[in-house]
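# Examining the three-dimensional arrangement
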Amino acid sequence: MTYLNRALLPAVSIFLLFLIWQMMVMILDLPAYILPSPIEISGGIWDKSGMLGSNVTVTLKNTLIGFLIGSLIGMALALVMVLSDWAHDLIMPVAVAVSSVPTAAFVPLMLIWFGLGDESKVAMAALAVSFVVLLNAVSGLKSCPQGQINLLRSFGASRLHVLLKLQFPASLPSIMTGMRVGLSRATITVIVTEMLGAYSGIGQTIYQATAIVDYVTVWAAVIVASAGSLILYGILAGLDAKFIWWR
């Protein structure tokens, strides 16, 4: 029943949102260029399902690859920073400096360096994810009680052994929180990058539809992108619940 409620409640909330949306459009008689109705958007999704499906697949693929690369980079750097104080002092200022700049500011550079293909989108997603995972991983690794660390060290465990056997498992909930936030950031970043320069992707679809004043297609692409993002987030949340059950 718990799992059923978790699935039904979000579905009901989304249904109510679209119902209220449809009623407001009908009551206020809003034109499509201001706010199309969910029925009109559904028709647009149906009519252009092939194009929308292929483009959102490209977006989600690049998001997922960049998310995995960024998560691995963030966790690897966190492990190094916890093992070495000088590495922490060396890496953290650079990470903070890079993260202080809006991620979108790096899009032109990535497009110049990697081109308009998938590589620039993956690189941007990895950049958006890595710092979030890094901060959460460092916080989680350092949150382990010192008494437990001292107990393992008293039995002759090395610093690396303590890190891998005690601190890393204890930090997984914090790391997963960072990965959840990072996944949302990665999706947004990939779509924005596609809007600024890409051969395909749902962001490029939104840009092209806006250029020709096709607002139904714009909304259809936004809804499809949101649905794809929800699927990825749901998979990550499911993995979190299954493998980090002690949270």
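Report follows, based on the coordinates.

### Quick word on the pattern of salt bridges
- One pass over the structure, following the stated rule, counts 3 salt bridges.
- Of the charged contacts, one joins Lys 48 and Asp 214 as a salt bridge, the two residues approaching to 3.0 Å between their closest N and O atoms. Of this pair, Lys 48 sits in the loop between helix 2 (38–47) and helix 3 (49–83) while Asp 214 is found in the loop between helix 9 (202–211) and helix 10 (215–243), placing the two residues 166 residues apart along the sequence.
- The shortest N-O distance in the salt bridge between Asp 240 and Arg 180 comes to 2.9 Å. Of this pair, Asp 240 sits in helix 10 while Arg 180 sits in helix 8 (residues 159–196), placing them 60 residues apart in sequence.
- Look at Arg 180 and you get partly exposed, because its relative accessible area is 24%.

### Topic: the environment of Val 133
- Structurally, the position occupied by Val 133 is in helix 6 (residues 118–142).
- Classification of Val 133 as buried rests on a relative accessible area of 0%.
- Here the alpha-carbon distance between Val 133 and Met 179, two residues 46 residues apart in the chain, equals 5.8 Å.
- Beyond its immediate sequence surroundings of up to four residues, Val 133 is in contact with Ser 71, Gly 74, Met 75, Ile 175, Gly 178 and Met 179.

### Some thoughts on the packing of helix 3 against helix 6
- Across the interface, helix 3 lies against helix 6 with an axial gap of 5 Å and an inter-helix angle of 35°. Between helix 3 and helix 6 the crossing geometry is right-handed.
- Split by residue class, the contact of helix 3 with helix 6 holds 20 nonpolar, 7 polar and 4 charged.

Definitions and cut-offs
- Residues numbered from 1 in each chain as written.
- Predicted model: local features only at pLDDT ≥ 70, side-chain atom pairs only at ≥ 80, totals over all residues.
- Heavy atoms only, no water.
- Salt bridge = Lys/Arg side-chain N within 4 Å of Asp/Glu carboxyl O.
- Helix = DSSP H or I, 4+ residues; strand = E, 2+ residues; numbered from the N terminus.
- Buried < 20%, exposed > 50% of the residue type's maximum accessible area, 1.4 Å probe, protein only.
- Contact = heavy atoms within 4.5 Å.
- Axes fitted to C-alpha atoms, helices over the stretch in contact; angles between N-to-C directions.
- Left-handed = near helix turned anticlockwise from the far one by under 90°.
- Nonpolar A, V, L, I, M, F, W, Y, C, P; charged D, E, K, R; others polar.

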